[in-house]
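Analysis of the macromolecular model
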Amino acid sequence: MAYLSQKKPAWLVLEDGRVFEGEAFGAPVEAVGRLVFNTACVGYQQLLTDPDSLGQMVIEAFPCAGNYGVNEEGDESAHAAASGLIVREWCEAPSNFRCTGTLDRYMQEKGIAGLCGIDTRALVRSVRDGGELGCLITPEKPDVPAAIEKMRAFSATNRIKEFTIDKKETVSTAEAAHSATLFDFGCKRSFLASLQAAGFSLAVLPFSELGKVKPEGPVILSGGPEEPGFFDGQLPALAALYRAGNPIFAVGLSHLLLARALGGELAELRHGHRGSNIPATDQAQGRTLITTQNHRFYVKKAAEGEIALVHAADGSCEGIRYPNALSVQFIPAYERGNMNTGGLFREFQKLL
């Protein structure tokens, strides 16, 4: 059989005191994080290395993980971002033409804790109904009060700069039709690839360069770890950049930062939008985009611009159109697979 029982026990402790006993896989380490769930059926390798996942303990809503293994091109960054992965079962014998290793071995190498063999459906429902909360995975029988103290003291902000560059880089393509400056808050590799496919040649700068350099042309603001408060120092520079009239394309975290910089307000969802099948309706065009998302904050009130895209289920803001900018809560992909978000790149190009 492809699914083999693991013999080493592991425990999941929640911030409200509940304890679940399961079986360990991945790295045999203690890990602390924020308990979230993701509804995607595939993409676990990308999820574990997505800067947006920093500090998360991810429950896979899909009952099986690892069946197609991992590959050398699947990482979204150079480091593990998620603290751990919780699955109903994982596959020890993957099968895929691109497969170069197993999920278990990959998580061991990346230092990511894993827990399997528990009722993930019940756990997802608990987070859905009660909200996200702190948690801890441990290979040792836990001391619950001590574990809760660790959760309350946990912060991932000290790791944010691991996912951003510290000096200028250039990303070019032979068929570039446009040049732009990208400020890196923790950009996913796949988003850079989409920008190249859309015909952009990029000068990539650290987010700390905002306000120190004055781009002459279009500007792209990347996504990144969802810690908006960490970037408060960049808000005045973002506002000044917008007032200067540069065409701006902001995605993910930067969508939140731009709205805040211009006087908008953020709010927090009870549980985040996390998955590769999140519907965002464009109210002006009357069509719904199927998007990949990984966030819990959203723009509650936009002081400038017009809320243009909304979540099809809960009505929360998914995108804002400004006179010289376009911002979306999710990370769009340029004509890849079945995703239909490529039009956003073309819409930005019309602003240039």
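Only a predicted model underlies this, so the values are computations on that prediction, with no experimental measurement involved.

1. A few points about the overall build of the protein
Counting secondary structure elements, the protein contains 8 helices and 19 strands. In terms of overall dimensions, the protein is globule-like: its C-alpha atoms have a radius of gyration of 20 Å, near the 20 Å expected for 352 residues. Here the protein holds 352 residues, and the buried ones make up 55% of them. Long-range contacts, defined as pairs at least 24 residues apart, comprise 74% of the intrachain contacts of the protein with a sequence gap of at least 6.

2. A few points about the packing of helix H6 (residues 235–243) against helix H7 (residues 253–261)
Relative orientation of the contacting elements H6 and H7 amounts to 80 degrees, with a least axis distance of 8 Å. What the angle tells us is that H6 and H7 run roughly perpendicular. In contact with Leu235, Leu238, Ala239 and Tyr242 of H6, H7 contributes Leu257, Leu258, Arg260 and Ala261. The residue makeup of the contact of H6 with H7, split by class, is 7 nonpolar, no polar and 1 charged.

3. Quick word on the pairing of strand S2 (residues 19–26)
Across 5 bridges, strand S1 (residues 9–14) lies against S2 in antiparallel orientation. Residue pairing in the sheet places Trp11 in a bridge with Glu21 of S2. Connecting S1 to the antiparallel partner S2 that follows it, the hairpin turn spans 4 residues, and Gly17 within it adopts a positive phi of roughly 100 degrees. Here S2 runs beside strand S8 (residues 113–116); their pairing, made up of 4 bridges, is antiparallel. Counted as the bridge partner of Gly26 is Ala113 from S8.

4. Here we look at helix H4 (residues 144–153)
Helical geometry: 3.6 residues make up each α-helical turn, so side chains three or four residues apart lie on a common side. Ala147, Ile148 and Met151 are the residues of H4 that are buried. Summarising the axial view, the buried residues of H4 lie within an arc of 100 degrees, below the 170-degree limit, and thus occupy one face. Residues Pro145, Glu149, Arg152 and Ala153 are exposed on H4 and point more than 90 degrees away from its buried face.

5. Quick word on the pattern of salt bridges
Using the criterion set out here, one finds 17 salt bridges in the structure. Across the salt bridge formed by Arg34 and Glu132, the nearest N and O atoms sit 2.7 Å from each other. Taken together, the positions of Arg34 in strand S3 (residues 31–38) and Glu132 in the loop between helix H3 (120–130) and strand S9 (133–138) put the pair 98 residues apart, joining distant regions of the chain. According to the relative accessible area criterion, Arg34 is partly exposed, its value standing at 24%.

6. Examining H3
Residues Thr120, Leu123, Val124, Ser126 and Val127 constitute the buried set of H3. Each buried residue of H3 sits inside an arc of 155 degrees when the element is viewed along its axis, so together they form one side. Of the surrounding secondary structure, the elements contacted by the buried residues of H3 are S1, S2, S3, strand S4 (56–60), strand S6 (84–86) and strand S15 (265–282). You can read the cap of H3 off the contacts: a side-chain oxygen lies 3.2 Å from the backbone nitrogen of Arg121, and it is on Asp119.

7. A short note on the environment of Thr39
Here Thr39 lies in the loop between S3 and helix H1 (44–49). Accessibility expressed as a relative area gives 28% for Thr39, which makes it partly exposed. A C-alpha to C-alpha distance of 17 Å links Thr39 and Cys116, two positions 77 residues apart in sequence. With near-sequence residues (within four places) excluded, Thr39 lies in contact with Ala61, Arg274, Gly275, Asn277 and Ile278. In this structure the side chain of Thr39 is engaged in a polar contact, spanning 2.9 Å, whose partner is the side chain of Asn277.

8. Thoughts on empty space enclosed by the protein
For the structure on display, the rule yields 3 cavities of 30 Å³ or more. Put simply, the largest cavity is a space of about 120 Å³. Lining the largest cavity are 15 residues, and of these Asp52, Gly252, Asn294, His295 and Gln329 lie nearest its centre. Looking at the lining of the largest cavity, the elements with two or more residues in it are H7 and strand S16 (287–301).

9. Side note on the nonpolar core
With 34 residues, the main nonpolar core has Phe185, Leu221, Ile248, Leu258 and Tyr322 as its most contacted residues. Only strand S13 (219–221), H6, strand S14 (248–251), H7, S16 and strand S18 (317–322) provide two or more residues apiece to this core. Among the nonpolar cores identified, the runner-up in size contains 25 residues, and Leu195, Phe330, Ile331 and Phe348 belong to it.

10. Thoughts on the side chain of Glu226
Looking at the secondary structure, you find Glu226 in the loop between S13 and H6. Assessed through its relative accessible area of 9%, Glu226 is described here as buried. Separated by 2.7 Å, the side chain of Glu226 and the backbone nitrogen of Arg296 make a polar contact.

11. A few points about the packing of aromatic side chains
Taken as a whole and assessed by the stated rule, the structure comprises 13 aromatic pairs. Ring geometry for Phe207 versus Phe231: centroids 5.0 Å apart, planes at 80 degrees, classification edge-to-face. Placement of the pair is Phe207 in the loop between strand S12 (200–206) and S13 and Phe231 in the loop between S13 and H6, with a sequence separation of 24 residues. Take Phe207 and Phe231: they sit in the same class, and that class is buried. Ring centres of Tyr334 and Phe345 lie 5.5 Å apart, and the angle between their planes is 85 degrees; on these two criteria the pair is classed as edge-to-face. Remark: Phe345 occurs in helix H8 (residues 342–351) and Tyr334 occurs in the loop between strand S19 (325–328) and H8; sequence separation between them is 11 residues. Judged by relative accessible area, Phe345 falls into the buried class, the value being 0%.

Scoring rules and cut-offs
Residues numbered from 1 in each chain as written. Predicted model: local features only at pLDDT ≥ 70, side-chain atom pairs only at ≥ 80, totals over all residues. Heavy atoms only, no water. Helix = DSSP H or I, 4+ residues; strand = E, 2+ residues; numbered from the N terminus. Rg over C-alpha atoms; globule rule 2.2 N^0.38 Å. Buried < 20%, exposed > 50% of the residue type's maximum accessible area, 1.4 Å probe, protein only. Contact = heavy atoms within 4.5 Å. Axes fitted to C-alpha atoms, helices over the stretch in contact; angles between N-to-C directions. Parallel < 35°, antiparallel > 145°, perpendicular 65-115°, else oblique. Nonpolar A, V, L, I, M, F, W, Y, C, P; charged D, E, K, R; others polar. Pairing = 2+ DSSP bridges. Arc of directions from axis to C-beta. Salt bridge = Lys/Arg side-chain N within 4 Å of Asp/Glu carboxyl O. Polar contact = N/O pair within 3.5 Å; in protein donor to acceptor, adjacent residues only side chain to side chain. 1 Å grid on protein atoms, 1.4 Å probe; cavity = no way out; pocket = protein on both sides within 12 Å on 5 of 7 lines; lining within 4 Å. Points joined across faces, edges and corners; volume = space filled by probe spheres on them. Core = buried A, V, L, I, M, F, W, Y, C linked by side-chain atoms within 4.5 Å. Phe/Tyr/Trp six-rings, centres within 6.5 Å; stacked < 30°, edge-to-face > 60°.

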